[in-house]
Each structure stands twice: as structure tokens, then as C-alpha cells.
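Each chain, letter by letter, is given below.
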Amino acid sequence: MKRTDGKHAEASGAVKILFNMLYPLITVGAVLLVWYLGSLAAHSAIVLPAPAATLERLLGLLRAGEFWRSFANTLLRSLFSFCLSFLLAAGLGVSSRLFGVFRRLIEPLIAIFRALPTVAVILLLVLWMSPGGAAVAVALLVIMPTLYAALLSALDNIDQPLFDMCRVFGVKRSRILGRMILPMLLPEVILTLASGLSLNLKLLVAAEVLSNTAHSLGAMMNAAKIYFDTAELLALTIVSVVAAVLMEWGIKTAAKPLYRWKDAGGRV
Amino acid sequence: MIEIKHLDKAYGEKEVYRDFSFSFRENTVTAILGESGCGKTTLLNILAGLTPYQAGEVPDLTPLSFIFQTDRLLPHLSVRDNLWFVTGKRELDDDLRRAGLYEARDSYIKDISGGQRRRVSILRAFLYPAKTILMDEPFLNIDLKLKRELMDFYLSYYEGGKRTALFVTHDPDEALYLSARVVVLKAGRIVFDAENPKNKPLPREALTNALING
């Protein structure tokens with residue numbers, strides 16, 4: 001039989017962590033290399049600036065007050081629209097799970113929302129609303145149906161026999177909601193939150209670009225495009241990507257202890 | 001006596017009960033023995049208010065307790081919290097000790113054995129303040145040794161404070177071991193009905209014959 005002592009196990013754990021870090025680094029390195037070679041081939045800072053020039057511009061942005069103001073505005077707007085979408089999706093999801101008629105009424109509307117072309121919605125909303133409001137509304141209209149579908153599927157996955165058990169034993173509704181439904185939904189909700197937040201940020205930035213929302217990442221990108229400042233455009237894109245990835249990773253990591261029970265399945 | 005009168009129940013075209021009447025005594029265990037699909041579980045679900053029926057008189061047994069075929073425990077709660085969830089009782093140490101579950105009291109359900117889960121499920125049913133307990137094949141798919149241990153565990157609780165119990169099974173040995181009366185059900189009809197006194201238990205052959213031949 002194979003035996004491992006403590007030191008051996010510790011060492012293999014460290015190697016595993018190292019490898020886990022190595023793979024993304026290799027990918028990022030390969031992307032940077034292709035980018036660098038592409039910039040050499042393009043031979044134009046307008047078409048494709050070198051990674052070093054973009055990094056320089058990024059560092060310059062990080063020192064500028066206007067960048068932080070725009071970044072904070074975009075982030076707050078994104079969080080606000082996401083919270084709104086999430087609350088609405090949760091309300092509609094729970095209602096659909098509880099009331100079949102409501103579900104039948106709402107599903108066609110959700111299907112239409114999900115099929116809406118994002119750019120068309122943004123253009124219409126820009127006509128109807130202020131640029132800031134349009135950005136929030138578009139994130140709401142596009143993200144909410146996705147969240148609704150994910151939450152409803154999680155609700156549907158809670159075993160009916162557990163609800164029957166609660167009914168037989170006359171368990172209080174507040175206890176069913178607080179100690180059964182919500183904790184069992186949590187893993188799905190966290191995953192939805194994490195991926196939804198980054199998707200929401202991407203959409204919001206796109207809406208800000210099209211509606212030219214003042215003091216936002218999107219407006220900065222728009223300006224960079226108008227002035228052919230490709231290095232700044234790429235630097236802002238990197239900011240947006242890093243923010244989205246960090247938000248997704250942060251939520252997943254912070255929430256891990258909340259669903260330790262799900263590590264292995266148990267027959268219910 | 002608890003009485004069900006003239007029950008009609010069908011799932012679409014498939015008729016399960018037609019003008020079915022049945023009664024069982026309070027404070028005793030009555031076993032309903034029958035093969036799969038004979039309507040045993042449907043009867044319990046009707047009594048528990050989980051399944052609607054077309055016609056007939058069914059007594060309201062609430063508050064009632066139920067030992068389900070599967071454990072129906074909440075995977076994200078500990079053993080102790082699962083008991084609290086249903087009973088609302090916080091002081092559970094003595095009950096957990098008696099059930100041999102004290103050491104596992106703070107474990108998640110996924111971390112305890114199948115036998116322990118069954119114990120939690122049985123303990124939950126007995127801690128819930130109800131006069132009637134319905135049991136739907138609670139010892140199904142359990143190996144013989146553990147089954148005997150769990151049946152004794154069940155009896156120790158049952159003898160401690162008798163309640164009315166209706167017990168559904170397809171195993172004649174379980175029916176003979178646990179109940180004071182055995183009823184054999186076939187295609188929604190009672191084909192055998194006899195007392196099973198402790199001093200003079202029913203012969204196993206009688207039940208097997210009734211199950212096979214009706």
C-alpha cells in the first residue's frame with residue numbers, strides 16, 4: 001500500500017499550488033507574446049500598440065483622478081443595476097415556483113427579454129432615457145432574465161419530497177424559507193451572482209460606450225476611440241477585464257465556507 | 001377506531017381504490033402488507049394529506065408524524081438542527097444520547113452513515129408531538145442486521161409511549177416483527193386481515209400465501 005508522510009503531503013500540496021498558478025501564467029505569457037509579435041507586425045501604435053506602451057498608459061491612468069472617478073461610477077452603477085436585477089429575479093423566481101399561473105404568465109415575457117438584441121435595446125433606451133439611466137436599464141433588462149432562469153432552476157431542483165416532509169410535520173413557513181429554501185439555493189445563487197456580476201459589468205460598459213455616459217469607463221473608451229488612442233482603449237479594456245475577474249473570484253472565494261455541506265451528495 | 005370509508009382514488013385512468021373502507025385501532029401498530037403498486041403508499045399519502053382523492057371519508061389525523069421511505073433530511077443542517085427543524089426543540093442531548101446519535105450531533109447528514117440517517121429519521125418522527133405515526137417502508141433496502149437493529153430501535157421508542165401507527169411494507173418478516181395486526185392488500189382490496197399477538201404470532205406462510213395468491 002502506498003504511504004505518504006506529512007512532509008511528503010505538504011510538499012505535494014505546494015507543488016499543486018505552484019502548478020495551479022503556473023497554467024494561467026503560461027496562458028497570459030502566450031497572449032502577451034502574440035500581442036507583442038502582432039504589434040511588431042502592425043508597426044503602428046494606432047492599429048496595435050505594444051504591450052509595454054499599453055502598460056505605461058495603464059499606469060498613467062491609475063495615477064489620474066478622472067480615471068478613478070469614472071471607474072467608481074461604472075462600478076457603482078454596475079452594482080446598483082445588478083442588485084436591482086437580482087432582487088427582481090429573486091421575487092419573480094420565487095413567485096413562479098409557488099404559483100404556476102404566474103409562471104405561465106411571466107415566462108413568455110422572460111423569453112422575449114432574453115431574445116432582445118442588446119445593442120438595439122441600448123439604442124432605444126438612449127433615445128428614451130438619460131445616458132446613465134439607459135446603462136442601468138439595459139443591464140437590468142439583459143441580466144434579470146438570465147438570473148431569473150438560474151434561480152428558478154435552482155428552486156425547481158429542491159426536492160419536492162422535502163416540501164412534502166415540511167407539510168406533513170407542519171413546519172413553519174418562515175423556517176422553511178430561512179432554513180431550507182435559502183440555504184439550499186445558496187450555492188446556485190453564489191455561482192449566479194459571481195458570473196452575473198462580471199457579465200453585468202461587461203454589458204454596462206458596452207451601454208456606457210454607446211450612450212456616452214458622462215464620467216464612466218465607457219465614456220473614456222469612447223473618447224479613446226475618437227482620438228485613435230488605442231493604447232488607452234486597451235488599458236481600459238484590461239481594467240474592465242481585471243475588475244470582472246476579481247469580482248467573480250472574490251465572491252466565489254468568500255462564499256466557499258457557506259456551502260461546505262455540498263461537497264458530497266447525501267440521499268434526502 | 002380510525003376509519004376510512006368508501007374511498008375512491010384513481011391516477012388518470014388507473015384506478016387504485018374503489019369504494020375502499022378500512023379501519024385501524026388506536027395505540028397499536030397495524031401493518032399493511034402488499035406488493036409494489038398495490039396502493040400502500042397512496043393510502044399513507046392520502047392520510048397525510050399529500051395526495052388528493054376523488055371520493056370518500058378520510059379522517060383528519062393532524063398533527064401526525066411520518067417515517068418516509070427515504071430519509072428526507074436536510075443535507076445542509078446538522079443532525080441536531082434537522083431534529084430542531086421539525087420539532088422546534090432545542091434541548092435534544094438526552095434524546096440524542098438515547099438514540100446513539102450524540103457523537104454525531106453536529107455532523108452534516110452527508111457525513112453520517114445510512115444507518116444513522118435512518119435513526120435520525122425515526123427519532124424525528126418520535127420527537128414530533130403526534131398521536132399517529134405513518135411509516136412508508138422505512139426499512140427498505142437495508143441489510144438484515146441493520147434492519148433488525150433499526151426495528152428494535154423503533155420498538156424501544158414505540159413501547160416508551162404508545163401511539164397509533166400504520167406501517168406499510170412488502171416484507172412479511174417486518175410486518176410480523178413490528179405489528180399487532182397484519183392486513184394484506186392486493187389491487188386496492190383487503191385479501192387478508194388477522195391479529196398478530198405477541199404470545200401467538202401469525203405463521204409466516206399465511207402471509208406469504210395471501211401475498212402470492214390473494
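On a predicted model such as this, the values are computed, not experimentally measured, just so you know. (Residues numbered from 1 in each chain as written. Chains lettered and ligands numbered in written order. Predicted model: local features only at pLDDT ≥ 70, side-chain atom pairs only at ≥ 80, totals over all residues. Heavy atoms only, no water.)

Just checking my understanding: could you explain the sheet that holds strand β4 (residues 55–57) of chain B for this structure?
Hydrogen bonds along the backbone pair up the strands of a sheet, which may run parallel or antiparallel. Residues and elements named next belong to chain B. One open sheet holds the three strands; their spatial order is β2-β1-β4, and the pairing between them is antiparallel. Either end of the sheet is taken by a strand with one partner, and the two such strands are β2 (14–24) and β4. Sheet twist, expressed as the mean angle between neighbouring strand axes with direction ignored, is 10°. Sheet topology places strand β1 (residues 2–11) next to β2; seven bridges connect them, and they run antiparallel. Residue Leu7 lies in a different strand from β2, and its bridge partner there is Phe20. (Pairing = 2+ DSSP bridges. Helix = DSSP H or I, 4+ residues; strand = E, 2+ residues; numbered from the N terminus. Axes fitted to C-alpha atoms, helices over the stretch in contact; angles between N-to-C directions.)

Teacher, can you tell me more about the packing of aromatic side chains here?
Any two aromatic rings considered together are summarised by their centre-to-centre distance and by the angle between their planes. Considering all chains together, one arrives at 11 aromatic pairs over all chains under this definition. Through pairs of rings, three or more aromatic residues link up here, namely Phe169 of chain A together with Phe66, Phe68 and Tyr128 of chain B. Here the guanidinium or amino end of Arg105 of chain B rests over the ring plane of Tyr102 of chain B, the centre of that ring lying 4.0 Å away. (Phe/Tyr/Trp six-rings, centres within 6.5 Å; stacked < 30°, edge-to-face > 60°. Lys NZ or Arg CZ within 6 Å of the ring centre and 35° of its normal.)

Explain the interface of chain A and chain B here, please?
Many structure descriptions define interface size as the accessible area lost when the parts assemble. Contact residues are listed per partner, giving 23 residues for chain A and 26 residues for chain B. A combined buried area of about 2,400 Å² lies between chain A and chain B, and 64% of that area is made up of carbon and sulfur atoms. The partner of Asp81 of chain B in a salt bridge is Arg179 of chain A, with the nearest N and O atoms 3.8 Å apart. Inspection of the region where chain A meets chain B yields six residue pairs in polar contact (both at pLDDT 80 or more). Residue assignment for the side of chain A that touches chain B shows that the elements contributing at least two residues are α7 (160–169) and α8 (173–211) of chain A. (Contact = heavy atoms within 4.5 Å. Buried area = accessible area lost by both parts, 1.4 Å probe. Salt bridge = Lys/Arg side-chain N within 4 Å of Asp/Glu carboxyl O. Polar contact = N/O pair within 3.5 Å; in protein donor to acceptor, adjacent residues only side chain to side chain.)

Could you clarify how one ought to interpret the environment of Val16 of chain B in this entry?
Residue and element names in this part refer to chain B. Tracing the chain through its elements places Val16 in strand β2. Spatially, the C-alpha atoms of Val16 and Cys38 are 7.4 Å apart, while their sequence positions differ by 22 residues. Beyond its immediate sequence surroundings of up to four residues, Val16 is in contact with Lys9, Ala10, Tyr11, Gly39, Thr42, Ala187 and Gly188.

Explain the sheet that holds strand β3 (residues 29–33) of chain B here, please?
All names here are of chain B. Strand order in this open sheet of six strands is β5-β6-β7-β3-β8-β9, and the pairing throughout is mixed. One side of each edge strand has no neighbouring strand; the edge strands of this open sheet are β5 (64–67) and β9 (189–195). Ignoring strand direction, the axes of neighbouring strands in this sheet form an average angle of 15°. Note: β3 against strand β8 (residues 181–186), four bridges, orientation parallel. Across the sheet, the residue bridging to Ile32 is Val183, located in β8. Relative to β5, helix α4 (residues 114–127) is tilted by about 170°, and along the sheet it contacts β5 and β6 (132–136).

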